[in-house]
Amino acid sequence: MDKYVIRGGQPLTGTVDISGAKNAVVAILPATVLANGVCRIENIPNIADVATALEILASLGATVRRIDRHTVEIDSRTIVTQTVPHDLAKKMRASYYFIGALLGRFGKASVPMPGGCYFGVRPIDQHLKGFSCLGAKVMPMKNGMIDAHADQLQGSSVYLDMVSVGATVNIMLAAVCANGTTVIENAAKEPHIVDLANFLNSMGADIRGAGTDVIKIYGVDRLYGTTYSIIPDQIEAGTYMAAAVATGGDVIVRNVIPKHLESITAKLQEMGAEIEEFDEDIRVSASGRLNHCNVKTMPHPGFPTDMQPQIAVLLSLAEGTSIINEGVWENRFRYVDELRRMGADIQVDGKLAVVQGIPQLTAAPVKAMDLRAGAAMVIAALAAKGVTEIEEIQYIERGYEDIVEKLQGLGADIERVTEDAPGLQQAL
Ligand code: EPU
């Protein structure tokens with residue numbers, strides 16, 4: 001029953017530090033299963049999905065030592081089981097990376113169907129096809145479990161029918177210690193794919209081409225422990241950039257890789273924001289009414305789907321009509337009804353949304369429908385007139401470290417309020 005209470009209308013100003021990338025760390029933590037030694041991972045974001053991944057590692061028998069808030073050491077040599085528990089797997093999407101990692105290390109994995117944000121059907125056929133191409137036997141689903149095993153994985157050629165981040169990661173994890181060479185064609189090119197490849201290479205893997213659409217994985221006998229620092233979160237950075245623009249603020253977003261933000265930067269500039277790039281920082285400011293524009297989400301280096309709800313808030317406030325074309329997910333407009341409560345004028349037809357800009361959003365009680373939808377509600381509330389209450393904030397906290405404190409540091413009037421459940425109040 002916790003919620004955010006936000007009084008909008010205050011331009012954000014100051015500096016915000018970006019944390020390690022969620023979608024990199026949720027692949028790299030399962031990848032530690034492959035190491036014959038201790039992996040020390042630095043710049044880990046302190047978010048719920050990391051806590052879940054660490055709990056899964058511990059449940060397998062790995063020795064997990066928290067060094068500090070952003071550093072952890074994992075020794076996977078103590079793993080005793082290849083079965084991931086249901087209650088943990090359902091808390092996050094990336095729990096399915098344990099299939100690739102356990103299969104790659106032990107030749108067997110038993111992992112429940114994962115949870116995660118709902119954007120319509122989220123099939124995993126390409127992951128399973130990849131495992132089969134490497135010679136694994138994937139059993140028909142039983143009791144919600146995916147079971148896969150192989151005596152010896154064999155390198156192979158895998159052509160992905162569509163660009164899939166998850167399938168690219170899972171195949172890399174399974175193939176890294178396979179016999180011979182694996183080639184993933186039509187691979188995902190996201191920064192977190194490159195980060196995973198760099199991490200695995202630092203453990204002794206031989207992966208080439210990550211960041212292009214053909215990744216070659218030359219199988220090695222064993223992988224070793226390593227020390228590695230996670231890249232900054234592209235989407236967290238983009239979210240604060242959008243919040244700065246929505247409130248007509250002036251913010252330095254620190255500890256970023258500006259190259260990873262190019263598609264976001266370009267769109268914000270098209271809308272009239274001022275952007276200055278430095279080596280590891282980006283300064284974003286805006287004033288006056290934004291320009292309308294059209295946005296199509298695509299795999300990297302296109303405009304990221306994980307920034308689509310946040311950009312929709314800006315387009316809701318722009319002068320004129322904008323069109324959003326969701327090019328990755330079947331149904332990623334579930335937040336639109338919530339945004340409409342705040343006065344936004346948006347019509348959705350399948351994968352298209354037509355946004356008619358209005359001068360001002362107004363406060364309303366709203367819900368976070370999923371992680372990025374929740375971030376969009378926070379941005380809308382910061383820009384809106386009045387006090388907005390956002391419920392279901394557990395979705396937001398799966399992926400944004402210290403969002404309340406970071407926004408307060410930029411001058412936002414935001415509070416996290418804990419309320420007793422009504423049932424509990426009645427019982428007392
Ligand atoms: N797809 C299939 N079959 C598959 C795999 C994917 O049809 O076997 C389809 C999906 O239905 C979708 C498209 O391919 O239409 C792309 O899906 P992808 O596999 O790339 O997505 P994912 O790996 O499940 C990751 C991120 C998402 C992000 C997408 C796209 C993680 C843990 N999740 O999901 O991030 O939206 O890539 O970039 O890395 C978020 O952070 O809020 C988030 C949802």
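See the structure shown above.
The rules behind the values
Residues numbered from 1 in each chain as written. Predicted model: local features only at pLDDT ≥ 70, side-chain atom pairs only at ≥ 80, totals over all residues. Heavy atoms only, no water. Helix = DSSP H or I, 4+ residues; strand = E, 2+ residues; numbered from the N terminus. Expected span 1.5 Å × (residues − 1). Buried < 20%, exposed > 50% of the residue type's maximum accessible area, 1.4 Å probe, protein only. Polar contact = N/O pair within 3.5 Å; in protein donor to acceptor, adjacent residues only side chain to side chain. Contact = heavy atoms within 4.5 Å. Pairing = 2+ DSSP bridges. Axes fitted to C-alpha atoms, helices over the stretch in contact; angles between N-to-C directions. Parallel < 35°, antiparallel > 145°, perpendicular 65-115°, else oblique. Left-handed = near helix turned anticlockwise from the far one by under 90°. Nonpolar A, V, L, I, M, F, W, Y, C, P; charged D, E, K, R; others polar.

### Section: helix α8 (residues 234-246)
- In this model, α8 (13 residues) spans 18 Å end to end at C-alpha, consistent with the 18 Å of a helix rising 1.5 Å per residue.
- Summarising burial for α8: 13 of the 13 residues are buried, a large majority.
- A side-chain oxygen of the first residue of α8 lies 2.9 Å from the backbone nitrogen of Ile235; this N-cap is Asp233.
- Two residues or fewer past α8, Gly248 is found with a positive phi of approximately 65°.

### Observations concerning the environment of Asn36
- In this fold, Asn36 is placed in strand β3 (residues 35-42).
- Sequence separation between Asn36 and Arg77 is 41 residues, and the spatial gap between their C-alpha atoms is 6.0 Å.
- Excluding residues within four positions of it along the chain, Asn36 makes contact with Arg77, Arg105, Arg222, Leu223, Tyr224 and Gly225.
- Of note is the side chain of Asn36, whose polar atom sits 3.5 Å from the side chain of Arg105.

### Observations regarding the sheet that holds strand β23 (residues 413-417)
- Read across the sheet, four strands follow the order β21-β22-β1-β23 without closing on themselves; strand pairing throughout is mixed. The open sheet terminates on both sides in strands that have one partner only, identified here as β21 (365-367) and β23. Averaged over all pairs of adjacent strands, the angle between their axes in this sheet comes to 20°, without regard to strand direction.
- Relative to β23, strand β1 (residues 3-7) runs antiparallel, the two sharing five bridges. Looking across to β23, one finds that Arg7 is bridged to Asp413.

### Considering the packing of helix α10 (residues 308-316) against helix α12 (residues 371-383)
- One way to put it is that α10 packs onto α12 with a least axis distance of 7 Å and a crossing angle of 25°. When the axis of α10 is compared with that of α12, the two are roughly parallel. The handedness of the crossing between α10 and α12 comes out as right-handed. Each of Pro309, Gln310 and Val313 in α10 lies in contact with α12, whose residues at this interface are Arg372, Ala373, Ala375, Ala376, Ile379 and Ala380.
- For the contact of α10 with α12, the class distribution of residues is seven nonpolar, one polar and one charged.

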